[in-house]
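# Architecture at a glance
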Amino acid sequence: MSINRIAVLGGGAWGTALAQTCARTGRAVTLWEHEPGNAASLETKRESLFLPGVRLDNGIKVTRDLATAARADAILLVVPAQAMRAVCTALAKVMTAPTPLIACAKGIEHGSHKFMTEIIAECAPKAMPAILSGPSFAADVARGLPTAVTLAAADGKLAGDLAQAIASASFRPYHSTDVRGVEIGGATKNVLAIAAGIVTGRGLGASAAAALTTRGFAELVRFGKAYGAKPETMTGLSGLGDLILTCSSPQSRNFSFGVALGKGEKLAGAAHGKLAEGAFTAPVLLEMAREKNVDMPISAAVAAVLTEKLSVDAAIESLLTRPIKSEA
């Protein structure tokens, strides 16, 4: 399909970065922002409040009108996971033609246990759902640093067309039809990144961090298998790749949140005003794991810390005192 006009919904750091990389492809890009203050900054200063120091490409049109943004050949939904339903519902009312809607949030909806593409399909029946995920930091993408991600849609040709449309010399999307696998990798790694951050914040050392990431990956694979993900997706960019990045860098909001918790900060202040999707995903992930009898002790420990059922030290002890068993 021909994709010449791209809309990005959400003017936060990741939305701004994706708008930038789409503009580099030569496509006509519209950036929609709901929050008035940030919209004004994007329009007048050509800079997002959430990505200071990165000037927005002059060719990107900024709007607060959803109907204007809806007139695109493809739309990237770069809003928090728990806001996806509200945005999709509003968007569906102003869509005039079947359009690919690409979820760029990594999470699972509370209550419904639905993934982002399921919400899109439910709220916007005319849409063609897709998902974009992988090891990527907004600041890197916005500045044109080399990045590779995965873009998945049920229709392989659509996935390929969308990947081609947003690809640039520095932004390489690999395409896939394993929608569920890509979504599982993105959601699960956020929870595990909080655990990795706690290990770092507690000063437990590099050996413990490596063990945590490795055993966390085993949890991700088990969960993915239970929910129909392909093994190659779990070991790919949106699975292992994203896990490695998110569990090892302070640029990750989930990792930084975990570091703050590991250092003894209270839950209310540990996020420092930044969204850590893993904090919302942890309890949902655990509920879904229990439904399929998937053993996820690290994720369970994170959920227990976030609900204050266990202290950080008690959670660490619970993991270290588990029965010795085979690594398989």
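See the structure above.
These numbers were taken from a predicted model, which means no experiment stands behind them. Along each chain, residue indices are assigned from 1 in the same order as the chain's sequence is written. Under the rules for a predicted model, residues below a pLDDT of 70 receive no local features and side-chain atom pairs below 80 are neither given nor counted, while totals for whole chains, interfaces and linings still include all residues. Hydrogens and water molecules were not included; the side-chain quantities draw on all heavy atoms of the structure.

This part takes up the sheet that holds strand 3 (residues 61-63). Judged by pairing direction, the sheet is mixed, and its 8 strands sit side by side in the order 3-2-1-4-5-6-7-8 without closing on themselves. Each having just a single partner strand, strand 3 and strand 8 (171-176) make up the two edges of the open sheet. The sheet shows a mean angle of 25 degrees between the axes of neighbouring strands, taken without regard to direction. The rule for pairing is simple: two strands pair if DSSP sees at least two bridges between them. Runs of E in the DSSP output that reach at least two residues are strands. Runs of H or I that reach at least four are helices, and both are numbered from the N terminus. Across 4 bridges, the pairing between strand 1 (residues 5-9) and strand 4 (residues 74-77) is parallel. Residue Leu9 lies in a different strand from strand 4, and its bridge partner there is Leu77. We call two residues contacting when some pair of their heavy atoms lies within 4.5 Å. Note on method: axes are straight lines fitted to C-alpha atoms, helices fitted across the in-contact stretch only, with angles between N-to-C directions ranging 0 to 180 degrees. Relative to the sheet, helix 1 (residues 13-24) contacts strand 1, strand 2 (28-32), strand 4, strand 6 (128-133) and strand 8, its axis offset from that of strand 2 by approximately 170 degrees.

On to the environment of Pro135. With respect to the element layout, Pro135 can be found in the loop between strand 6 and helix 6 (138-142). Judged by relative accessible area, Pro135 falls into the buried class, the value being 17%. Residues Pro135 and Leu243, spaced 108 residues apart in sequence, show a C-alpha to C-alpha distance of 7.6 Å. For every residue, the accessible area obtained with a 1.4 Å probe (protein chains only) is divided by the maximum for its type, and the residue is called buried under 20%, exposed over 50%, and partly exposed between those limits.

Moving on, we come to empty space enclosed by the protein. Method remark: on a 1 Å grid restricted to protein atoms, a set of points is classed as a cavity if a 1.4 Å probe fits but cannot get out and as a pocket if it is open with protein on both sides within 12 Å along at least five of seven lines; lining residues have an atom within 4 Å of a point. Grid points are joined across faces, edges and corners, and a volume is the space filled by probe spheres set on the points. Following the criterion strictly, the structure yields 1 cavity of 30 Å³ or more and no others. Approximately 40 Å³ is the volume found for the largest cavity. Taken together, Ala105, Lys106, Gly107, Phe115, Met116, Ile131, Ser133, Val182, Glu183, Gly186 and Ala187 make up the lining of the largest cavity. Those elements that provide at least two residues to the lining of the largest cavity are strand 6 and helix 8 (179-201). When residues of the lining of the largest cavity are assigned to their parent elements, the largest contribution, 4 residues, is made by helix 8. Taken together, the residues of the lining of the largest cavity break down into 6 nonpolar, 3 polar and 2 charged. Gly is placed with the polar residues, together with every amino acid not listed as nonpolar (Ala, Val, Leu, Ile, Met, Phe, Trp, Tyr, Cys and Pro) or charged (Asp, Glu, Lys and Arg).

What follows covers the layout of surface pockets. Looking at the largest pocket, its volume works out to about 1,300 Å³. Taken together, 46 residues make up the lining of the largest pocket; nearest its centre are Gly12, Ala13, Trp14, Arg253 and Leu275. Element by element, the count of residues in the lining of the largest pocket is highest for helix 12 (residues 253-262), at 4 residues. Per-class residue counts for the lining of the largest pocket are 22 nonpolar, 15 polar and 9 charged. Volume-wise, the second largest pocket comes out at about 680 Å³.

To continue, consider the pairing of strand 2. Among the 5 residues in strand 2, 4 count as buried, and that is most of the element. Of the strand pairs in this sheet, strand 1 and strand 2 are connected by 5 bridges, and their pairing is parallel. If you follow Val8 over to strand 2, its bridge partner there is Leu31. Viewed along the sheet, the connection from strand 1 through helix 1 into strand 2 turns out right-handed. The pairing of strand 2 with strand 3 spans 3 bridges and is classified as parallel. Bridging from a neighbouring strand, Thr30 pairs with Lys61 of strand 3. Handedness is read with the strands pointing away from the viewer; a crossover is right-handed when the path from the first strand over the helix to the second is clockwise. Handedness of the crossover is the feature at issue here: the chain leaves strand 2, passes through helix 2 (residues 36-45), returns alongside strand 3, and the resulting connection is right-handed.

So, about the environment of Ala315. Looking at the secondary structure, you find Ala315 in helix 16 (residues 312-320). Ignoring any residue separated from it by four or fewer positions in sequence, one finds Ala315 in contact with Ala301, Val305 and Leu310.

The next point concerns the pairing of strand 7 (residues 147-153). With 6 of 7 residues buried, strand 7 is to be regarded as a mostly interior element. Pairing of strand 6 with strand 7 involves 4 bridges; the strand directions are antiparallel. Bridge pairing links Leu132 to Leu151 in strand 7. Bridge count for strand 7 against strand 8 is 6 bridges, and the pairing is parallel. Opposite Ala148, over in strand 8, you have Arg172 as the bridge partner.

Before going further, it helps to spend a moment on the nonpolar core. What makes a nonpolar core is a set of buried Ala, Val, Leu, Ile, Met, Phe, Trp, Tyr and Cys residues whose side-chain atoms join them at distances within 4.5 Å. If you look at the biggest cluster of nonpolar residues, it comprises 45 residues, and the most contacted ones within it are Phe223 and Leu261. If near-sequence neighbours (up to four positions away) are discounted, Leu261 is found in contact with Ile194, Ile198, Arg202, Leu267, Ala270, Val305, Leu306 and Val312. With 37 residues, the next largest nonpolar core counts Leu51, Val54, Ala153 and Leu158 among its residues.

The subject of this paragraph is the side chain of Arg46. In this structure, Arg46 sits in the loop between helix 2 and strand 3. Charge counting treats Lys and Arg as positive and Asp and Glu as negative, with His and both chain ends excluded. Should a side-chain nitrogen of Lys or Arg be within 4 Å of a carboxyl oxygen of Asp or Glu, the pair is scored as a salt bridge. Of the buried charged residues, Arg46 lacks a salt bridge, with Glu43 as the closest side chain of opposite charge at 4.6 Å. Throughout this description, a polar contact denotes any pair of N or O atoms lying within 3.5 Å of each other; where both atoms belong to protein, one of them has to be capable of donating a hydrogen while the other can accept it, and for residues adjacent in sequence the pair is counted only when both atoms sit in side chains. Of note is the side chain of Arg46, whose polar atom sits 2.7 Å from the backbone oxygen of Ile60. Residues within four places of Arg46 in sequence aside, it is in contact with Ser41, Val54, Arg55, Leu56, Asp57, Asn58, Ile60 and Val62.

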